[in-house]
Amino acid sequence: MADLINVYRQVSVATGSRTVHVAGQVAWDADGVTVGEGDLAAQVEQCHLNVATALAGVGASFDDVAKLTVYVVGRTPDRMPQLLDGIARAPAHLGTTPVPPATLLGVAAPDVPEHLAEVEATVVID
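In this report, the structure presented in the accompanying data block is examined. (Residues numbered from 1 in each chain as written. Predicted model: local features only at pLDDT ≥ 70, side-chain atom pairs only at ≥ 80, totals over all residues. Heavy atoms only, no water.)

**Brief notes about the overall build of the chain**
- Along the backbone of the chain there are three helices and four strands.
- In summary, the chain has a C-alpha radius of gyration of 14 Å against a globular reference of 14 Å for 126 residues, a match within 12%.
- Along the longest, intermediate and shortest principal axes, the C-alpha atoms of the chain span 40 × 35 × 25 Å.
- Counting over 126 residues, the chain shows a buried share of 39%.
- When contacts within the chain are restricted to residue pairs at least 6 apart in sequence, long-range pairs at least 24 apart make up 82% of them.
- When the accessible surface of the chain is split by element, carbon and sulfur atoms take 55% of a total near 6,700 Å².
- Taking the average location of the 6 positive side-chain charges in the chain and that of its 15 negative ones, the two points are 8 Å from each other. (Helix = DSSP H or I, 4+ residues; strand = E, 2+ residues; numbered from the N terminus. Rg over C-alpha atoms; globule rule 2.2 N^0.38 Å. Buried < 20%, exposed > 50% of the residue type's maximum accessible area, 1.4 Å probe, protein only. Contact = heavy atoms within 4.5 Å. Areas by Shrake-Rupley, 256 points an atom, 1.4 Å probe, with all protein chains shown as cover. Lys, Arg positive; Asp, Glu negative; His and termini not counted. Charge placed at Lys NZ, Arg CZ, Asp CG, Glu CD.)

Okay, here's the thing in structure tokens:
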């Protein structure tokens, strides 16, 4: 449970005048190739990196994220360590603080069979 405490936040307070919704980001690299096929941690990290790229496109960063929604294919309790590893690696890679409040949902099927996760964001900026 200590790992969960280090990467999970219960509440965020957003200030600003514009709300930005980032559609679900999957584990594709810039060329549309799936990163970390079969590796949930690598895919979750890549999803977060892709969210960061989308945020940069509107002049925002993870500091502006009010909430994330994380979808995991076939989510089971035994996969939580991999999920938490991917969630922890993303802020470390980006040089940011731990992720904002998030909702984790298990889903039956991804957009393409190789994808194990998808992450969407709600952001508030000035």
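**Some words on the sheet that holds strand β2 (residues 65–73)**
- Strands sit in the order β1-β4-β2-β3 across an open sheet of four strands; the sheet is mixed. This sheet does not close on itself; its edge strands, each paired only once, are β1 (18–25) and β3 (102–107). Adjacent strand axes in the sheet meet at a mean angle of 10 degrees when their direction is disregarded.
- Where helix α2 (residues 40–57) meets the sheet, it contacts β1, β2 and β4 (117–125), and its direction lies at approximately 30 degrees from that of β4. (Pairing = 2+ DSSP bridges. Axes fitted to C-alpha atoms, helices over the stretch in contact; angles between N-to-C directions.)

**Topic: the environment of G36**
- Examined against the element boundaries, G36 turns out to sit in the loop between β1 and α2.
- Judged by its relative accessible area of 24%, G36 falls in the partly exposed class.

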